[in-house]
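So you can see what is in the structure, the chains are spelled out below.
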Amino acid sequence: MTDDLQAFYGRWARLYDRIARFPGVGAWRAAAADALALEPGDTVLEMGCGTGANLPYLRERVGPEGQVIGIDLTAGMLDVARERVERRGWKNVSLIRADASRPPIAASAVDHAIGEGTNGKGIDAVLASFLSGMFADPAPVIEEWCSLLGPGGRICLLDATRSADRRALPLDMTFRAFVVASTPPTWQLRYDDPPWRALEARVESAHDAVRRCCGTYGADRFALGFVRLTYGVVE
Ligand SMILES: C[S@@+](CC[C@H](N)C(=O)[O-])C[C@H]1O[C@@H](n2cnc3c(N)ncnc32)[C@H](O)[C@@H]1O
């Protein structure tokens, strides 16, 4: 993640948090959490957890005896997430400032890394929402997450991307503008490689990687196809 992106998310963390919890977005987050097939007592790792908009959905599913670990690079985003965790008094949610493309968590060292413990059984599931498009080359990152999980682990990606649905065509310009506005430097008028095209290619590559790593997988689309969900069980 570039310094530009960290500065951008740090500056807009509180506004981002409002947008991240818009009515309607919660249904996509719930679908992503459901796709992980979490059970009480599970440990779930959220990559790029941002302000913690997914945390309630994950915590609800793993219960007070489970563990939720959020990783993010941007201090300002984690500050908002921490406030949420403290306000709600969640004791089983840990937040770590780290690069999700090189998670500081080895399956065998997870208890040590988070300092809290995962009931000694490692990580059961990985979630990343609206993150894949930020990796220049997402496939090796997703493969790394799958090897961290090992066979039987569940992974789910939720991402915004361009839609091939004909009903979405009138909104394509709006989507492009949204991508430009959320990709620093946001003022650029001309692009050699437009950010919406790069986003589409990265999301495609990340979701392909999930399918390659997983013996069984599924997919869904929301918001006229602009939001894409892919999930599976690592083989
Ligand atoms: C669009 S926000 C999504 C936040 C959250 N997942 C959600 O659904 O609301 C992207 C987040 O990913 C974080 N991020 C980007 N690249 C990262 C990386 N390499 N490692 C950890 N976090 C990263 C950013 O700091 C930001 O908080």
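All values reported here derive from a predicted model rather than from experimental measurement.

Asker: Requested: an account of the overall build of the chain, with residues and values cited.
Answerer: The helix and strand inventory of the chain stands at 9 helices and 7 strands. In the chain, buried positions account for 54% of the 235 residues. Expressed as a percentage of contacts within the chain between residues at least 6 apart in sequence, the contacts between residues at least 24 apart total 70%. When the accessible surface of the chain is totalled, it reaches about 11,300 Å², and 53% of it is carbon and sulfur.

Asker: Describe the site of the ligand, listing the residues and the values that go with them.
Answerer: Close to the ligand lie 22 residues; Tyr16, Gly48, Asp72, Thr74 and Ser129 are nearest. Here Leu73 contributes a backbone N or O atom positioned 3.2 Å from a nitrogen atom of the ligand. When the ligand sits alone it has 590 Å² of accessible area, and the protein chains cover 98% of it. Along the lines of polarity and charge, the residues of the shell around the ligand split into 13 nonpolar, 5 polar and 4 charged.

Asker: Tell me about the nonpolar core, and name the residues and values.
Answerer: Residues Leu45, Met47, Ile71, Val126, Ile142, Trp145 and Ile155 are the most contacted members of the largest nonpolar core, which totals 28 residues. Counting only elements with at least two residues in this core, the list comes to β1 (43–47), β2 (67–72), β4 (125–129), α7 (138–149), β5 (154–160) and α9 (195–213). Here the element with the most residues in this core is α7; it accounts for 7 residues. Listed in part, the 26 residues of the second largest apolar core include Cys49, Leu95, Leu127 and Phe222.

Asker: An account of helix α4 (residues 55–62) is needed here, citing residue identities and associated values.
Answerer: Listed as buried for α4 are Leu55, Leu58, Arg59, Arg61 and Val62. For α4, the buried positions fall inside an angular range of 165 degrees around the axis, keeping them on one side. Tucked inside the fold, the buried residues of α4 contact α3 (25–35), β1, β2, α5 (75–88), β3 (93–97) and β4. Positive phi shows up at Gly63, right after α4, with a value of about 70 degrees.

Analysis parameters
- Residues numbered from 1 in each chain as written.
- Predicted model: local features only at pLDDT ≥ 70, side-chain atom pairs only at ≥ 80, totals over all residues.
- Heavy atoms only, no water.
- Helix = DSSP H or I, 4+ residues; strand = E, 2+ residues; numbered from the N terminus.
- Buried < 20%, exposed > 50% of the residue type's maximum accessible area, 1.4 Å probe, protein only.
- Contact = heavy atoms within 4.5 Å.
- Areas by Shrake-Rupley, 256 points an atom, 1.4 Å probe, with all protein chains shown as cover.
- Near = heavy atom within 4 Å.
- Polar contact = N/O pair within 3.5 Å; in protein donor to acceptor, adjacent residues only side chain to side chain.
- Nonpolar A, V, L, I, M, F, W, Y, C, P; charged D, E, K, R; others polar.
- Core = buried A, V, L, I, M, F, W, Y, C linked by side-chain atoms within 4.5 Å.
- Arc of directions from axis to C-beta.

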